[in-house]
Amino acid sequence: MLKAKNAQPLVHGGQLTKVASQYDFPLSEWLDLSTGIAPFSYPIPEIPLSIWQNLPSDQQALINAAKHYYQSDYCLVSNGSQPVIELLPALWLEKNTLPASQITVYLPQVGYKEHQKAWQLAGFELSFYQDALPQHIKANSVVVVINPNNPSGKLYELNALIELQQRCQLQGALLVVDEAFIDVIAPSQSIIANLAENTLVLRSFGKFFGLAGIRIGFVCCQQAWYQQIKAQCGPWQVNGPALFIAEKALLDTQWQQQQRAKLVQQQQQLSELLSSCGFEQQVGCSLFITCYCDHAAERYQTLCQHGIYVRLTDEQDALRFGIPNTEQIKILKERLTKIFS
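A few points on the structure. (Residues numbered from 1 in each chain as written. Predicted model: local features only at pLDDT ≥ 70, side-chain atom pairs only at ≥ 80, totals over all residues. Heavy atoms only, no water.)

## Here we look at the pairing of strand β4 (residues 104-108)
Counted residue by residue, β4 has 5 buried out of 5 residues, so it is predominantly covered. What you see with β4 is no split at all: Thr104, Tyr106 and Pro108 on one side and Val105 and Leu107 on the other are buried throughout. In terms of strand pairing, β4 meets strand β5 (residues 125-129) through 5 bridges, oriented parallel. Residue pairing in the sheet places Leu107 in a bridge with Phe128 of β5. Viewed along the sheet, the connection from β4 through helix α5 (residues 114-121) into β5 turns out right-handed. Bridging between β4 and strand β6 (residues 142-146) involves 2 bridges; their strand directions are parallel. Looking at the pairing, Val105 lines up with Val142 of β6. (Buried < 20%, exposed > 50% of the residue type's maximum accessible area, 1.4 Å probe, protein only. Helix = DSSP H or I, 4+ residues; strand = E, 2+ residues; numbered from the N terminus. Pairing = 2+ DSSP bridges. Right-handed = clockwise from strand over helix to strand, strands pointing away.)

In structure tokens form, the structure reads like this:
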């Protein structure tokens with residue numbers, strides 16, 4: 001295991017205005033591929049006026065849709081996964097007599113850094129693993145798995161996760177599985193169908209459905225955790241229009257099938273284009289492609305100079321390209337041709 005390094009400022013995609021201000025390229029002409037959000041969005045249905053006027057007190061229709069979509073008996077809706085990630089350290093301390101400094105949290109060396117930040121700020125002992133899941137787990141610890149990993153694209157097989165879950169159970173440890181990008185994985189490797197008392201699964205709505213702006217996430221878990229998290233979240237976590245839209249989208253299986261097919265097609269086109277430009281070492285899924293390469297930071301600067309905004313990984317050894325839509329990939333091809341011709 002690798003010991004924790006000092007926390008560094010977190011950088012996320014989706015900060016086009018800030019990035020564009022550093023380059024001599026018109027803001028309106030930038031190509032923003034910095035996030036792993038689907039370029040095709042679920043069509044917004046007509047929203048009744050009453051949804052806008054009333055407090056979002058009745059969430060049961062959405063919860064029923066989520067239970068069906070995620071195949072989980074308990075689905076807790078929140079305004080994205082981020083608030084839950086920030087809440088988990090305090091909730092775990094409630095279940096333990098040990099102080100945070102004596103509890104180990106196992107985290108992927110490469111992955112969404114908000115997990116690390118939350119546990120580190122709460123004073124937990126951090127230990128990092130690389131590709132192989134932790135084999136030796138301390139008592140009362142926490143294991144965080146991002147599946148598939150963002151940005152490495154690493155996908156852990158379901159059997160490996162179930163074995164890890166069993167090791168956690170033996171040690172009274174908590175297993176947190178972040179499945180923000182798993183909607184596009186087929187066949188699904190979600191651990192939700194094998195939930196245990198010690199397992200929490202975080203699911204993102206906005207990425208696959210292309211509606212990250214409405215800020216909806218779900219926690220799939222067993223009843224005890226459901227009640228504990230719900231008690232801490234408070235009322236009106238998500239606004240009424242967002243609940244209404246998400247319910248329709250989660251039930252629209254025909255659109256979901258079409259979305260997966262379109263994303264796969266766009267991923268293939270992007271992969272071929274990047275390969276033709278020398279980006280051979282590619283990983284990812286049909287929501288993003290990460291290209292590991294030499295001099296990634298310099299290549300990032302070059303892309304920005306041509307109005308192409310992608311995600312430079314925290315390790316600065318790779319570039320993550322969000323999946324472009326049909327028009328965007330034409331623009332990307334034109335600009336990459338100028339750079340690499």
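Okay, back to it.
## Thoughts on the packing of helix α4 (residues 82-94) against helix α8 (residues 223-233)
Relative to each other, α4 and α8 sit at 120°, their axes nearing to 11 Å. One element, α4, and the other, α8, form an angle in the oblique class. The interaxial crossing formed by α4 with α8 has right-handed handedness. Contact residues: Leu87, Leu88, Leu91, Trp92 and Glu94 in α4; Trp225, Gln228, Ile229, Gln232 and Cys233 in α8. Partitioned by chemical class, the residues of the contact of α4 with α8 number 7 nonpolar, 2 polar and 1 charged. (Axes fitted to C-alpha atoms, helices over the stretch in contact; angles between N-to-C directions. Parallel < 35°, antiparallel > 145°, perpendicular 65-115°, else oblique. Left-handed = near helix turned anticlockwise from the far one by under 90°. Contact = heavy atoms within 4.5 Å. Nonpolar A, V, L, I, M, F, W, Y, C, P; charged D, E, K, R; others polar.)

## Re the environment of Leu270
By secondary structure assignment, the location of Leu270 is in helix α10 (residues 253-276). Exposure remark for Leu270: the relative accessible area of 0% places this residue in the buried category. Between the C-alpha atoms of Leu270 and Ala212, which are 58 residues apart in sequence, the distance is 22 Å. Not counting the four nearest positions on each side in its chain, Leu270 is found in contact with Ile289, Phe321, Gly322, Ile323, Pro324, Ile329 and Leu332.

## As for the side chain of Asn325
Inspection of the secondary structure assignment puts Asn325 in the loop between β14 (318-322) and α12 (326-340). Here the side chain of Asn325 touches Gln328 through a polar contact of 2.7 Å, landing on its backbone nitrogen. Once you skip the residues sitting within four places of it in the chain, Asn325 turns out to touch Pro39, Phe40 and Gln266. (Polar contact = N/O pair within 3.5 Å; in protein donor to acceptor, adjacent residues only side chain to side chain.)

## A word on the pattern of salt bridges
Evaluated as defined, the whole model comprises 4 salt bridges. For Lys113, the salt bridge identified is with Glu315, shortest N-O distance 3.7 Å. You can see Lys113 sitting in the loop between β4 and α5 and its partner Glu315 sitting in the loop between β13 (311-312) and β14, a full 202 residues away along the chain. Arg311 serves as the salt-bridge partner of Asp314, at 3.4 Å between the closest nitrogen and oxygen. The class of Asp314 is partly exposed, set by a relative accessible area of 31%. One salt-bridge network, held together by shared partners, links Glu179, Asp183 and Arg203. (Salt bridge = Lys/Arg side-chain N within 4 Å of Asp/Glu carboxyl O.)

## Description of helix α11 (residues 296-305)
One turn of an α-helix holds 3.6 residues; hence residues three or four places apart share an orientation. Along α11, the residues classified as buried are Ala296, Tyr300, Leu303 and Cys304. When α11 is viewed along its axis, its buried side chains cluster within an angular range of 100° and face the same direction. Here the buried face of α11 lies against α1 (16-20), β12 (308-309), β13, β14 and α12. Gly307 sits one or two positions beyond α11 and adopts a positive phi of about 75°. (Arc of directions from axis to C-beta.)

## Describing unusual backbone geometry
In most cases, non-glycine residues show a negative phi, while peptide bonds are predominantly trans. Pro148 follows Asn147 through a cis peptide bond whose omega is -5°. With respect to the helices, strands and loops of the structure, Pro148 is situated in the loop between β6 and α6 (158-170). The backbone of Gln71 sits at a positive phi, close to 60°, despite the residue not being glycine. Along the chain, the position of Gln71 falls in the loop between α3 (60-70) and β3 (75-78). Phi angles above zero are rare outside glycine, and His295 is one such case at about 55°. Here His295 lies in the loop between β11 (288-292) and α11.

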